[in-house]
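Examination of the molecular architecture
Given next are the chains, with one letter for each unit.
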Amino acid sequence: MKYLFSAVLLLACTAASANLCENGQRQSPINIVVTSRQPLPPLEFNYHPAALKIADDGHTVRVRFAKGSTLRIGKERYTLQQFHFHTPGGDRIAGEEFPMAAHLLHKSQSGQLLALVVLFRSGAENPLLTTLLPLIPARADGDHTHPDVSVDAMRLLPPIQSYYRYTGSLTASPCTEGVDWIVMKQPLELSPAQLARYRKRYADNGRAVQPLHQRVVLESP
Ligand SMILES: [Zn+2]
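Structure report, in brief. (Residues numbered from 1 in each chain as written. Predicted model: local features only at pLDDT ≥ 70, side-chain atom pairs only at ≥ 80, totals over all residues. Heavy atoms only, no water.)

Tallying secondary structure elements over the protein gives three helices and 15 strands in all. Taking 2.2 N^0.38 as the reference for a compact globule, 221 residues should give roughly 17 Å; the C-alpha atoms of the protein span a radius of gyration of 18 Å, in line with that estimate. With respect to the three principal axes, the spread of C-alpha positions in the protein is 55 × 45 × 35 Å. Relative to its full complement of 221 residues, the protein shows a buried share of 43%. Considering only intrachain contacts with a sequence separation of at least 6, the fraction spanning at least 24 residues in the protein is 72%. Side chains of the protein give 23 positive and 18 negative charges; the mean places of these two sets differ by 4 Å. (Helix = DSSP H or I, 4+ residues; strand = E, 2+ residues; numbered from the N terminus. Rg over C-alpha atoms; globule rule 2.2 N^0.38 Å. Buried < 20%, exposed > 50% of the residue type's maximum accessible area, 1.4 Å probe, protein only. Contact = heavy atoms within 4.5 Å. Lys, Arg positive; Asp, Glu negative; His and termini not counted. Charge placed at Lys NZ, Arg CZ, Asp CG, Glu CD.)

This is the structure we're talking about:
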């Protein structure tokens with residue numbers, strides 16, 4: 001009886017998650033078209049180089065960080081947990097689809113999740129990807145630590161740090177909402193060869209754009 005109850009509960013939870021992915025009102029990514037321009041607090045990055053901890057998580061390549069790299073926005077402080085990549089990039093700006101995006105996932109002390117999105121256009125080779133791409137583990141078998149390879153998430157940030165902000169969600173099931181989304185306005189570049197190398201391992205692992213519904217996208221000048 002106890003097991004039956006657990007099974008029913010599990011089914012109910014799975015159904016609720018599926019509903020949020022399909023019917024949620026605040027899902028990510030989105031197409032950013034109409035915005036509300038206003039002064040927003042600056043992004044105060046305090047990222048530090050760390051020994052590379054890289055994994056194939058089955059969907060993308062993920063680089064994990066121990067505590068210590070933080071992002072302050074106004075009074076709130078978020079700790080960088082990991083970054084990973086998607087192709088195509090997911091969030092669009094005025095309809096433009098980007099071939100790749102990096103998602104830098106953060107968490108505040110109170111448990112608030114914040115995803116910072118850096119978009120990529122095709123162009124020059126990206127030095128950080130040059131380091132990472134050859135080190136993607138051959139299998140999805142957990143973290144591989146490289147004490148001799150230093151990775152600094154600062155290298156994933158564009159020089160101009162104006163941004164869009166909206167309330168979004170996790171992009172994979174259970175599509176949990178209430179995640180803060182920051183999309184950097186200035187894209188970085190990666191070379192066509194780098195994109196092809198990533199796509200060979202993870203083709204089309206970006207989520208399609210979701211309806212905006214009643215949300216307002218904030219834009220810093
Ligand atoms: Zn992501």
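Glancing now at the pairing of strand S4 (residues 50–56). Sheet topology places S4 next to strand S11 (residues 144–151); five bridges connect them, and they run antiparallel. Bridging across to S11, Lys53 finds its partner in Thr145. Where S4 meets strand S5 (residues 61–64), three bridges bridge the pair, whose relative direction is antiparallel. Bridged to Ala55 within S5 is Arg62. As consecutive antiparallel partners, S4 and S5 are separated by four residues, and within that stretch Gly58 has a phi angle of approximately 100 degrees, a positive value. (Pairing = 2+ DSSP bridges.)

Right, let's get into unusual backbone geometry. In this structure, the amide linkage connecting Thr87 to the following residue, Pro88, adopts the cis form with an omega of -5 degrees. Within the secondary structure, Pro88 is located in the loop between strand S7 (76–86) and strand S8 (92–93). With an omega dihedral of 15 degrees, the bond running from Ser173 to Pro174 counts as a cis peptide bond. Among the structural elements, Pro174 can be located in the loop between strand S12 (163–169) and strand S13 (177–184). For Ala94, which is not a glycine, the phi torsion comes out positive at approximately 50 degrees. Position of Ala94 among the secondary structure elements: in the loop between S8 and strand S9 (100–108).

Attention now goes to the environment of Pro127. Tracing the backbone through its elements, the reader meets Pro127 in helix H2 (residues 127–132). Pro127 gets classed as exposed once you look at its relative accessible area, which sits at 51%. For the pair Pro127 and Glu189, spaced 62 residues apart in sequence, the C-alpha separation works out to 9.8 Å.

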